[in-house]
Amino acid sequence: ETPPLFAVLALTKGLEVGLYRILSATRRQNTYLSALAVGTVLLVVLNVWLIPVYGIIGASAAVVISNLVVDILALVGLRADLRPGLIGIALSRVALPLVATAIVFTALEWTDLNPWFVALAACLAYPLFGIACGLIPHPRRSLLFA
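Residues numbered from 1 in each chain as written. Predicted model: local features only at pLDDT ≥ 70, side-chain atom pairs only at ≥ 80, totals over all residues. Heavy atoms only, no water.

Caption draft 1: Representation of the overall build of the chain. Helix and strand content of the chain: 5 helices and 0 strands. When the elements of the chain are put in sequence order from the N terminus, they spell out α-α-α-α-α. Each of the three principal axes of the chain carries a C-alpha extent, and together these read 50 × 45 × 25 Å. Across the 146 residues in the chain, those meeting the buried criterion constitute 23%. If you take every contact in the chain between residues at least 6 apart in sequence, the share linking residues at least 24 apart comes to 68%. Treating the 9 positive side-chain charges of the chain as one cloud and the 6 negative ones as another, the clouds have centres 21 Å apart. (Helix = DSSP H or I, 4+ residues; strand = E, 2+ residues; numbered from the N terminus. Buried < 20%, exposed > 50% of the residue type's maximum accessible area, 1.4 Å probe, protein only. Contact = heavy atoms within 4.5 Å. Lys, Arg positive; Asp, Glu negative; His and termini not counted. Charge placed at Lys NZ, Arg CZ, Asp CG, Glu CD.)

Okay, here's the thing in structure tokens:
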């Protein structure tokens, strides 16, 4: 049960990192600090409540829930600075490759292939799907490569 929770944790933490950078670029570090403070207090409360009952699964769930709260508060803090729909477009550009990679992984997992080959195929699939969704900037149009 914990591996799926850790996958969700990786996604929520990755989103938090991106949101922190956007908040910093828009000079809203205090918004992130406030969101992080709320998330930390929530994490402590959830740990006290969930760990005695559910053990490691409770601890994993607590950190996922607190990260989701931090992400939501950061998104709410950014809504005035970003045009409507921009966050949704950005999230879909990340979600589509993730979903496509999960489909590839699941389809290959049902075969008799070696689990290492299945994992390697999924690891190679994500960057390819990411390129297709525009996650990697085009060298001629990107300011990063200028």
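Let's pick the thread back up.
Caption draft 2: Structural detail: the side chain of Ser66. For Ser66, the position within the fold is in helix 3 (residues 56-78). Every residue in contact with Ser66, bar those within four places of it in the chain, is listed here: Gly39, Leu42 and Leu43.

Caption draft 3: Seen up close, the environment of Asn30. Positionally, Asn30 belongs in helix 2 (residues 29-54). Note on Asn30: relative accessible area 61%, which makes it exposed. Along the sequence, Asn30 and Gly77 sit 47 residues apart, while their C-alpha atoms lie 9.8 Å from each other.

Caption draft 4: Quick look at helix 2. Its 26 residues place the ends of helix 2 35 Å apart at the C-alpha level, agreeing with the 38 Å of an ideal helix rising 1.5 Å per residue. For helix 2, the full list of buried residues reads Tyr32, Ala35, Gly39, Leu46 and Leu50. Looking one or two residues past helix 2, Gly55 carries a phi angle of roughly 65°, positive in sign. (Expected span 1.5 Å × (residues − 1).)

Caption draft 5: Structural context of the packing of helix 2 against helix 3. Contact geometry of helix 2 with helix 3 gives a least axis separation of 8 Å together with a crossing angle of 160°. By the angle between their axes, helix 2 is roughly antiparallel relative to helix 3. The handedness of the crossing between helix 2 and helix 3 is right-handed. (Axes fitted to C-alpha atoms, helices over the stretch in contact; angles between N-to-C directions. Parallel < 35°, antiparallel > 145°, perpendicular 65-115°, else oblique. Left-handed = near helix turned anticlockwise from the far one by under 90°.)

Caption draft 6: Main features of the nonpolar core. Membership of the largest hydrophobic core is limited to 8 residues, which are Leu19, Leu23, Tyr32, Ala35, Val70, Ala74, Leu78 and Leu82. If you list the elements that add at least two residues to this core, you get helix 1 (2-25), helix 2 and helix 3. Per-element accounting of this core gives the leading share, 3 residues, to helix 3. Those residues in contact with Ala74 that sit more than four places away from it in its chain are Leu19, Leu23 and Ala35. (Core = buried A, V, L, I, M, F, W, Y, C linked by side-chain atoms within 4.5 Å.)

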